[in-house]
Amino acid sequence: MFEFDQYLGFILFLTILTIGFWLLIFLTAILPYWIGGSLMERLKENKKHKQEQEQESV
């Protein structure tokens, strides 16, 4: 049925396919969530910093 070289090639193909699949899931789901969360956190910090400066100037 399969020779040893063909078996190794098939296992390598499945490994690369699986890694590519999980990388695609990571790039389309987790990465935008991470970037969006960090941007929202930065906006909150900037807003808080501006409010502190306004209170100091009053």
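To be clear, the structure that these remarks concern was listed above.
Since this is a predicted model, take the numbers as computed values, not measurements. (Residues numbered from 1 in each chain as written. Predicted model: local features only at pLDDT ≥ 70, side-chain atom pairs only at ≥ 80, totals over all residues. Heavy atoms only, no water.)

## Details of the overall build of the chain
1) Next: When its secondary structure is counted, the chain shows one helix and zero strands.
2) Next: Against the 2.2 N^0.38 benchmark of 10 Å for 58 residues, the chain shows a C-alpha radius of gyration of 25 Å, more extended than a compact globule.
3) Next: Taken along the three principal axes of its C-alpha coordinates, the chain extends 85 × 15 × 5 Å.
4) Next: Across the 58 residues that make up the chain, the buried fraction comes to 0%.
5) Next: Accessible area of the chain: about 5,900 Å², with a carbon and sulfur share of 68%.
6) Next: Each charge class in the chain can be summarised by its mean position, and for the 5 positive and 7 negative side chains these summaries are 15 Å apart. (Helix = DSSP H or I, 4+ residues; strand = E, 2+ residues; numbered from the N terminus. Rg over C-alpha atoms; globule rule 2.2 N^0.38 Å. Buried < 20%, exposed > 50% of the residue type's maximum accessible area, 1.4 Å probe, protein only. Areas by Shrake-Rupley, 256 points an atom, 1.4 Å probe, with all protein chains shown as cover. Lys, Arg positive; Asp, Glu negative; His and termini not counted. Charge placed at Lys NZ, Arg CZ, Asp CG, Glu CD.)

## A word on helix H1 (residues 4-57)
1) Next: Its 54 residues give H1 an end-to-end C-alpha distance of 77 Å, which sits within 8% of 80 Å, the value for a rise of 1.5 Å per residue.
2) Next: The axis of H1 is deflected most strongly, by about 35°, at Leu27. (Expected span 1.5 Å × (residues − 1). Bend = angle between axes of the 7 residues up to and from the residue.)

## Topic: the packing of aromatic side chains
1) Next: Summed over the entire model, instances satisfying the criterion amount to one aromatic pair.
2) Next: Measuring from centroid to centroid gives 5.1 Å for Phe21 and Trp22, while their planes differ by 70°, and the two rings are edge-to-face.
3) Next: Accessibility expressed as a relative area gives 53% for Trp22, which makes it exposed. (Phe/Tyr/Trp six-rings, centres within 6.5 Å; stacked < 30°, edge-to-face > 60°.)

On their own, these measurements won't tell you what the molecule is for.
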